[in-house]
Amino acid sequence: MWNRLSRVMRSFFGFFISIAENPELILEQNIRDMNDQVPRMNESIAMVKANETLLQKEEAKYKNEVADLTAKVRAAIQAGRDDLAGSFATQLESTRGALARTQGQLTTASAALEKALNVKKAFLREKDRKTHEAMNAIRDHRRSQWQKKVADAMEQFEVGGISQTHDDMVRKIEEETAVNEARMDMALGNVDQQKFKIEEEAEKIRASELVKQFKAEMGLIAPEPSQSAPQKTIGGKERA
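Basis of the calculations
Residues numbered from 1 in each chain as written. Predicted model: local features only at pLDDT ≥ 70, side-chain atom pairs only at ≥ 80, totals over all residues. Heavy atoms only, no water. Helix = DSSP H or I, 4+ residues; strand = E, 2+ residues; numbered from the N terminus. Buried < 20%, exposed > 50% of the residue type's maximum accessible area, 1.4 Å probe, protein only. Contact = heavy atoms within 4.5 Å. Areas by Shrake-Rupley, 256 points an atom, 1.4 Å probe, with all protein chains shown as cover. Salt bridge = Lys/Arg side-chain N within 4 Å of Asp/Glu carboxyl O. Phe/Tyr/Trp six-rings, centres within 6.5 Å; stacked < 30°, edge-to-face > 60°. Lys NZ or Arg CZ within 6 Å of the ring centre and 35° of its normal. Polar contact = N/O pair within 3.5 Å; in protein donor to acceptor, adjacent residues only side chain to side chain.

Details of the overall build of the protein chain
Here's step 1: In terms of helices and strands, the protein chain carries five helices and two strands.
Here's step 2: For the protein chain, with 240 residues in total, the buried portion stands at 13%.
Here's step 3: A separation threshold of at least 6 residues defines the contact pool for the protein chain, and within that pool the share at least 24 residues apart is 75%.
Here's step 4: Only carbon and sulfur atoms are counted for the fraction: they give 58% of the accessible area of the protein chain, which is about 19900 Å².

Quick notes on the pattern of salt bridges
Pairs can form between side chains of opposite charge once their charged atoms are near each other.
Here's step 1: Throughout the structure, instances matching the rule amount to 10 salt bridges.
Here's step 2: Across the pair K72 and D68 runs a salt bridge whose closest N-O atoms are separated by 3.4 Å. Linking K72 with D68, this pair stays in helix α2 (residues 23-78), spanning four residues, or about one helical turn.
Here's step 3: A salt bridge links R129 to E133; its shortest N-O distance comes to 3.6 Å. Remark: E133 and R129 occur in helix α3 (residues 82-160); sequence separation between them is four residues, near one turn of the helix.
Here's step 4: Taken together, the salt bridges that share partners define one network made up of E126, R129, K130 and E133.

Here we look at the packing of aromatic side chains
Here's step 1: For the structure shown, the criterion picks out zero aromatic pairs.
Here's step 2: The ring of Y62 has K61 lying over it, and the distance from NZ or CZ to the ring centre is 4.9 Å.

A short note on the side chain of T95
Here's step 1: By the element assignment, T95 lies in helix α3.
Here's step 2: Within the structure, the side chain of T95 is placed 2.8 Å from the backbone oxygen of Q91, a separation counted as a polar contact.
Here's step 3: Apart from the residues lying within four places of it in its own chain, the contact partners of T95 are Y62, E65, V66 and L69.

What follows is the structure, given as structure tokens:
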């Protein structure tokens, strides 16, 4: 039971995660995250630069102190004050040690600053590349979504739209035509076709006789002799 419940919960959360995991939104967030890193990187580089600047000032101060103490040692020796010369020499030795440490730190700070600037340059170059790539991917994703909507609309149009209605209407007309033709054949089958043919032949004969009559009147053909009606006789004699 616990395993089944666990599977249901995983599928439930997985469903919402898949919905929230919009590639376009994630890429846009990645671009914002990369842009947000630039100010933090500049702040870190500024701190490294400030450390280098402080070390440069400290180096300059120690160099001045070394020069000043060196002059004092020489002046004390020339004045015959070896005690003062020894005190100045001790301070000079300590200052030279501090200068050497400062110069070492300054070398490290300068190298760190150069490395930080190179890292920033590489990061900006990579950021520009990834931003350009992400924008292209976002445009492709939006184009793909638009194409999907168009494809869905076209599929619905083909299935339930004009095409389906067109086919239905054509089939309906064909069915009505077939029914009416069948009715016409049945109706004509009930009519006396032989009567129509006799009347048609009689009409043709009458038209032919009329043409002959017109030709005779025009002198194109000899008129046919008229036949008188036979007279009836009574007892072998003609009846007056």
